[in-house]
Amino acid sequence: MKSAFLYTSRSTRKVQSFQTNRDESIHYILPACNIRLQSQLSQPLVYPLPTAAACYPTSDPSGNCTDVIQNSEDGNWRSSMPGSMQFDNFETFMFKNGTIDSCYINTTITGSCGQGRVPVIGVDARSVTDIQAAINFAVKYSLKLVVKNTGHDLLGRSAARGSFVVWTHNMKNISYNTAFVPQGGPANDTYDAVTLGAGVQWHEAYDAVNQYGRMMVGGYSAGGSIGAAGGWLAGGGHSALSPTYGLGVDNAIEISVVLSTGEYLTVNGYQHSDLFWALRGGGGSTYGIVISVTYRTYPSLPVQVYNFQANITNSTTMQEMVVELMYSQTQFTDDGWGGYGSMTNQTMSFFYIAPNMTNGTATATTQAWTDYALSLEPWGVTSTATIYSVPSWYEFYWREWRKYDVHVASSVPGHGGKKIQGNRPVANRPCSRFSSFELMIPGGGKVNQIDPDSAGLNPAWRNAVVEVYSGFSWQDEASSTEIKGLIDQLQKGIQTMYDLTPNDSAYFNEASLFEINWKETFFGSHYSALKDIKNEYDPFKLFVVAEGVGSDDWDKELTCRL
């Protein structure tokens, strides 16, 4: 799903009778930004720079290059800068002739730092007023607008060449309410809930609710650096807890958002329910800019953990194991297990977790798989399986992940991440054609029990159990020819996934710009309704992202409306 260099050159809508060169127009209006826009903002305008900019010029670095090198794989460090993306390739721009404009941490590659796809100027949003000012300015000057929180977007939608960015990362308000009532709802419709500002990250959200003895459905990443109220929810929001409690979209109670008209709305099941529906799974940066999200919370409970590791020397046996594991997933998820794993031609490893399960039940519900794997020892399989208890989800999360500071992936340690990938949330069926892949178990169980039309999310998710994904990475010095070759390989892999699961979907947040029939793949039968909602709430067509709802009205580069 990580879409390499391909740019979502998210340009502006044609609200005027003439076209402008968006890359030039942003520079043209910089004086207006400094004079008119700055006076309306609570913070100084930001001028984003690529992650490695501090290392240039090489003869006299402008900043602390040692700091850049030491922290380049720290997701939280990257998210703290308006121009830094979690994967370096999304900071890079490739021209049609193959020339690459980038700012490499390895300064010996080109010796110079290019702006690439990193936005030129933007707003450090801290309030609704800041965002309204930024939106009104972007509409007035027909700017190419992007929204960035942490920069984890794996289709590169947090950046665009020559763009104007609204950076929501510092909107960190968190409020907990034991009797939250949705605006416009009856007094007896109450929830034990937490409201998160647009910039809150999962490590902050988990810390906050844990203080009240609560837990919540959320993302799972090293350091907890992913945003909790942005693209994660807009793409569906999967979690290791989803088989028990549902997806993020099933746990959102209320959302506040600013539209392209500048109007500030609070949406839920009682007011503007159509927009509330669309914001839950209909894609990020498409309908408006989210200010906050209110989520359900649950009592903090102990969790059981099942760890499985296997080494396989027989390729035929490996394929059989993959098939058997896929067939076993429905039972696992129905019993409440969810988790993550990976496989190659010779290895298989995964962990599952289940809240509020006894050790006896954990053993009983995993024994069949454990015994099956042990029975394959004569055919070249060496496996181990362990079960242990942890006092709470919070403790498990931080025990396993807080010790890691990185979220970005890289083929060169210390040099950021460069990656492309594709994924497919699939129903319970064989996947033996894959030679290597990662898998997540965010479906099944509760996810499958919820009405497919309850949220804008692709209905195929309600039949899915496993998300399968794979990808490619490369070194900084890779040429455009090498990168394009990797993209060709990725496209073949996507075709394989599609052939296996033609009626399933792809998780919008971990997908690819090369999906086959992207409208169906990302949104399914909901696309038409989502587009109608977008047209109603975004009359200026300000919010356009690659392969997002409404992007089919634009050219491939998202520069001109068709």
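Scoring rules and cut-offs
- Residues numbered from 1 in each chain as written.
- Predicted model: local features only at pLDDT ≥ 70, side-chain atom pairs only at ≥ 80, totals over all residues.
- Heavy atoms only, no water.
- Helix = DSSP H or I, 4+ residues; strand = E, 2+ residues; numbered from the N terminus.
- Contact = heavy atoms within 4.5 Å.
- Areas by Shrake-Rupley, 256 points an atom, 1.4 Å probe, with all protein chains shown as cover.
- Buried < 20%, exposed > 50% of the residue type's maximum accessible area, 1.4 Å probe, protein only.
- Arc of directions from axis to C-beta.
- Core = buried A, V, L, I, M, F, W, Y, C linked by side-chain atoms within 4.5 Å.
- Disulfide = S-S within 2.5 Å.
- Pairing = 2+ DSSP bridges.
- Axes fitted to C-alpha atoms, helices over the stretch in contact; angles between N-to-C directions.
- Expected span 1.5 Å × (residues − 1).
- Parallel < 35°, antiparallel > 145°, perpendicular 65-115°, else oblique.
- Nonpolar A, V, L, I, M, F, W, Y, C, P; charged D, E, K, R; others polar.
- Salt bridge = Lys/Arg side-chain N within 4 Å of Asp/Glu carboxyl O.

Novice: Would you mind showing me how to read the overall build of the protein chain here?
Specialist: Check the secondary structure of the protein chain and you find 17 helices and 19 strands. When contacts within the protein chain are restricted to residue pairs at least 6 apart in sequence, long-range pairs at least 24 apart make up 76% of them. As presented, the protein chain carries roughly 20400 Å² of accessible surface, and 49% of it is formed by carbon and sulfur atoms.

Novice: What is the right way to read helix 17 (residues 527-537) from this model?
Specialist: Structurally, the α-helix is built with 3.6 residues per turn, so residues lying three or four positions apart point the same way. Looking at helix 17, one finds that the buried residues are Tyr-527, Leu-530, Lys-531, Ile-533, Lys-534 and Tyr-537. Down the axis of helix 17, the buried set is contained in an arc of 160°. They therefore lie on one face. Projecting away from the buried face of helix 17 at angles above 90 degrees are the exposed residues Asp-532 and Glu-536. On its buried face, helix 17 is in contact with strand 10 (264-268), helix 10 (273-279) and helix 16 (518-523).

Novice: Whenever I open this one, the nonpolar core confuses me. Can you help?
Specialist: Generally speaking, soluble globular proteins have nonpolar side chains that are buried together. Core analysis: the largest hydrophobic core is formed by 74 residues, its most contacted members being Leu-196, Met-216, Leu-275, Tyr-295, Trp-393 and Phe-396. Apart from residues lying up to four places away in sequence, Leu-196 is in contact with Asn-173, Ile-174, Ala-205, Met-216, Ala-228, Ala-229, Ile-291, Ser-292, Val-293 and Tyr-295. Of all hydrophobic cores here, the second largest spans 30 residues; its members include Ile-131, Ile-291, Leu-542 and Phe-543.

Novice: What should I look at first to understand the state of the cysteines in this one?
Specialist: Here, the word disulfide means a covalent bond between the sulfur atoms of two cysteines. For the structure on display, the rule yields two disulfides. Across the disulfide from Cys-55 sits Cys-65; the S-S distance is 2.0 Å. Across the disulfide from Cys-55 to Cys-65, rotation about the S-S bond amounts to roughly 95°, and the bridge is consequently right-handed. Separated by ten residues along the polypeptide, Cys-55 in the loop between helix 2 (30-37) and helix 3 (65-71) and Cys-65 in helix 3 bring together distant segments of the chain. Cys-55 gets classed as buried once you look at its relative accessible area, which sits at 2%. A sulfur-sulfur distance of 2.1 Å marks the disulfide that ties Cys-103 to Cys-113. Residues Cys-103 and Cys-113 are joined through a disulfide that is left-handed, its torsion about the S-S bond being -105°. Here Cys-113 lies in the loop between strand 2 (100-101) and strand 3 (121-124) and Cys-103 lies in the loop between strand 2 and strand 3, a separation of ten residues in the sequence.

Novice: I keep staring at the sheet that holds strand 9 (residues 252-258) and nothing clicks. Help me out?
Specialist: Note: strands within a sheet are paired through backbone hydrogen bonds, in either parallel or antiparallel orientation. If you walk across this open sheet you meet the five strands as 6-7-11-9-10, and the pairing is antiparallel. Here the strands that pair on one side only, and so sit at the sheet edges, are strand 6 (174-180) and strand 10. Ignoring which end each strand starts from, the neighbouring axes of this sheet average 20° apart. One ladder, built from five bridges, connects strand 9 with strand 10; its direction is antiparallel. Paired with Val-257 across the bridge in strand 10 is Leu-265.

Novice: I keep staring at the environment of Gln-367 and nothing clicks. Help me out?
Specialist: Mapped onto the elements of the fold, Gln-367 is located in helix 12 (residues 359-375). Judged by its relative accessible area of 32%, Gln-367 is partly exposed. Distance in space between the C-alpha atoms of Gln-367 and Ala-385 is 9.5 Å, their sequence separation being 18 residues.

Novice: Help me out: how do you make sense of the sheet that holds strand 4 (residues 145-148) in this one?
Specialist: The three strands are arranged 3-5-4 in an open sheet whose pairing can be described as parallel. One side of each edge strand has no neighbouring strand; the edge strands of this open sheet are strand 3 and strand 4. Sheet twist, expressed as the average angle between the axes of neighbouring strands with direction ignored, equals 20°. For strand 3 and strand 5 (residues 164-167), the ladder comprises four bridges, and the chain directions are parallel. In the sheet register, Val-123 faces strand 5, and the bridge partner there is Val-166. Here helix 5 (residues 128-140) sits on the sheet and contacts strand 3, strand 4 and strand 5; the angle it forms with strand 5, its principal contact strand, is near 165°.

Novice: Just checking my understanding: could you explain helix 15 (residues 480-500) for this structure?
Specialist: End to end, helix 15 covers 30 Å across 21 residues, agreeing with the expected 30 Å (1.5 Å per residue, within 8%). Taken together, the buried positions of helix 15 are occupied by Ser-480, Ile-483, Leu-486, Ile-487, Leu-490, Ile-494, Met-497 and Leu-500. One side of helix 15 carries all its buried residues, which in axial view fall inside an arc of 140°. Residues of helix 15 that are exposed and point more than 90 degrees away from the buried face comprise Thr-481 and Lys-492.

Novice: Sorry if this is basic, but what is going on with the packing of helix 11 (residues 315-334) against helix 12 here?
Specialist: Packed helix pairs are characterised by how far apart their axes lie and by the angle those axes make with each other. Running from amino to carboxyl end, helix 11 crosses helix 12 at an angle of 175°, the nearest separation of the two axes being 11 Å. With respect to their mutual orientation, helix 11 and helix 12 come out roughly antiparallel. Across the interface between the two elements, Glu-320, Met-321, Glu-324, Leu-325, Ser-328, Gln-331 and Phe-332 of helix 11 pack against Thr-365, Thr-366, Trp-369, Tyr-372 and Ala-373 of helix 12. Here the contact of helix 11 with helix 12 is built from residues that sort into six nonpolar, four polar and two charged.

Novice: Can you walk me through the pattern of salt bridges in this structure?
Specialist: If the charged atoms of two oppositely charged side chains come close together, the side chains can form a pair. By the definition in use, this model includes 13 salt bridges. A salt bridge links Lys-172 to Glu-204, with the nearest nitrogen and oxygen atoms 3.0 Å apart. Taken together, the positions of Lys-172 in the loop between strand 5 and strand 6 and Glu-204 in helix 6 (residues 202-210) put the pair 32 residues apart, joining distant regions of the chain. Between Arg-399 and Glu-395 there is a salt bridge; the shortest N-O distance is 2.9 Å. With Arg-399 and Glu-395 both in helix 13 (residues 393-402) and four residues apart, this pair spans about one turn of that helix. Here Arg-399 falls in the partly exposed class, since its relative accessible area comes to 37%. Using a relative accessible area of 33% as the deciding quantity, one classes Glu-395 as partly exposed.

Novice: Quick question: what am I supposed to make of unusual backbone geometry here?
Specialist: In terms of backbone geometry, most residues other than glycine have negative phi values and most peptide bonds are trans. Residues Tyr-56 and Pro-57 are joined by a peptide bond in cis, for which omega reads -10°. Positive phi, normally seen in glycine, also occurs at Ser-285, with a value near 50°. The residue Ser-285 is located in the loop between helix 10 and strand 11 (289-296) in this model. The exposure class of Ser-285 is partly exposed, given its relative accessible area of 23%. Despite not being glycine, Asn-517 shows a phi value in the positive range, around 55°. Note that Asn-517 resides in the loop between helix 15 and helix 16. On the basis of relative accessibility, which here comes to 44%, the residue Asn-517 falls in the partly exposed class.

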